[in-house]
Amino acid sequence: MPVTIKGMSAAKRLNLLLAGTHLLHRHVRPRNMPLHLQFELTNYCNLRCPVCPTGTKDLDRAPIPMSPALFERAWDETAPFLLTASLWGWGEPLLHPRLDQILTIARRHDVATLLSTNGMPLNQPSVREALIESPPTTLIVAIDGITDETNSRYRVGARLEPILSGIRQLADLKRRRKAKYPVLQLRYIVMRHNEHEVDHLEAFARRHEFELLTLRSISLFDITDAETVQGSFVPLKEALQPYQYREGQRRKRPGFICTMPFWFPSIQADGGVVCCEQDHSGTHRFGRLDESTSFRSIWFSEQAARVRRLVRDEREQLSFCRNCPYADRPTTDCSLESRTLVPDAVSPGFVVGGS
């Protein structure tokens, strides 16, 4: 998503400059703090998506919410340097029992915040109130079908009625309070069973008062039968496929350069810091945040340097790198298309350093 730089602080500007310098060579001991950071507010979910380690019970971590105290410590230390922050991980963030407190803390700093949800908890008034009182910059609602039958094929356990009702009520709250945020985004993963709906998506999104529509392709994660599982979801239309295929097998593309460990790490619900969200079970952590450990000490540690060196020089040793959803793609990410539906309601990008 685009980011508009407006009134960026000196600390952010210097960090951006340092990051650019170090990313050029992917130094295992960068001098910059992250530019982007993912905060896994919960690692449990109310759905059972078949290409997700939480939904398939492959997440080898105890299901817990991130404590507000842990989020506060990490946020106050890192936010002065961040451009964006993702407030989700391998779980449903709107199930956090102290969502209101987390979002209030996040509003302390000028960072573009993105929160992705399956939408089911939006039927709860307390969740909508938290989202309007201390809004993230954008609320990404993952809907993968315009009927219950289509959507629940991938979003196993989901029902459209509570999601769409919640979105309409949230849109009404925004109008009554003349609020700009959160931007209401419908994100649609295009798959074999729903690709026939793509031409109807814009009308569907407008009818239910979304302001932004994005289409993306499906991603793998680190499981042994990932190719088999994903294969049944790959669209038939070549332009919508996540990768290029030869005789049904994903074509390998040489030259992929991973930059995630150098500017976009993830903090897991228990405080574990990993180089990338794809290390979903925390097999190669940089370290773990607690009351006595700062993010900075972990980010610049010898352990972090060792993991960065592995990712940079020996990716084939890491299972979560072998099934990286970003490698082998003909494009640089998973996005297919983005459409702004309400120009007057959506800013031309996320403002960093300004309100």
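In what follows, the structure referred to is the one given above.
Here's a quick rundown of the structure.

Calculation notes
- Residues numbered from 1 in each chain as written.
- Predicted model: local features only at pLDDT ≥ 70, side-chain atom pairs only at ≥ 80, totals over all residues.
- Heavy atoms only, no water.
- Helix = DSSP H or I, 4+ residues; strand = E, 2+ residues; numbered from the N terminus.
- Buried < 20%, exposed > 50% of the residue type's maximum accessible area, 1.4 Å probe, protein only.
- Arc of directions from axis to C-beta.
- Contact = heavy atoms within 4.5 Å.
- 1 Å grid on protein atoms, 1.4 Å probe; cavity = no way out; pocket = protein on both sides within 12 Å on 5 of 7 lines; lining within 4 Å.
- Points joined across faces, edges and corners; volume = space filled by probe spheres on them.
- Nonpolar A, V, L, I, M, F, W, Y, C, P; charged D, E, K, R; others polar.
- Salt bridge = Lys/Arg side-chain N within 4 Å of Asp/Glu carboxyl O.
- Pairing = 2+ DSSP bridges.
- Axes fitted to C-alpha atoms, helices over the stretch in contact; angles between N-to-C directions.
- Core = buried A, V, L, I, M, F, W, Y, C linked by side-chain atoms within 4.5 Å.

**Notes on the environment of P50**
By secondary structure assignment, the location of P50 is in the loop between β2 (36-39) and α2 (68-78). P50 gets classed as partly exposed once you look at its relative accessible area, which sits at 22%. As for P50 and Y154, which are separated by 104 residues in sequence, their C-alpha atoms are 6.6 Å apart.

**A word on helix α3 (residues 99-106)**
Among the residues making up α3, those that are buried are L99, I102, L103, I105 and A106. The arc that holds every buried residue of α3, seen down its axis, measures 160°, which confines them to one face. Against α2, β4 (112-117) and α4 (125-133) lie the buried residues of α3.

**Quick look at empty space enclosed by the protein**
A water-sized probe rolled over the atoms picks out the places where empty space is left. The final tally for this structure, using the stated rule, is one cavity of 30 Å³ or more. A volume near 40 Å³ is recorded for the largest cavity. If you trace the largest cavity, you find it lined by Q38, E40, G89, W90, S266, Q268, V274, C276, E277 and D279. Residues belonging to the lining of the largest cavity are distributed by class as follows: three nonpolar, four polar and three charged.

**Observations concerning the pattern of salt bridges**
Applying the stated criterion to the full structure yields 18 salt bridges. For the salt bridge of R285 with D270, the shortest nitrogen-to-oxygen distance reads 2.8 Å. One end of the pair, R285, is in strand β12 (residues 285-288); the other, D270, is in the loop between β10 (266-267) and β11 (272-274), and 15 residues separate them in sequence. Where salt bridges share partners, they join D172, R175, R176 and E209 into one cluster.

**Regarding the sheet that holds strand β6 (residues 183-190)**
Strand order in this open sheet of 10 strands is β12-β11-β10-β2-β3-β4-β5-β6-β7-β13, and the pairing throughout is mixed. One side of each edge strand has no neighbouring strand; the edge strands of this open sheet are β12 and β13 (335-340). Across the face of the sheet, helix α6 (residues 160-177) comes into contact with β5 (138-142) and β6 while running at roughly 155° to β6.

**Some points on the nonpolar core**
With 81 residues, the main nonpolar core has F39, F71, W75, F210 and I267 as its most contacted residues. A per-element tally of this core places α6 first, with seven residues. Other than its neighbours up to four places away in sequence, F210 contacts V141, I143, L164, I167, L184, Q185, L186, A205, L341 and V342.

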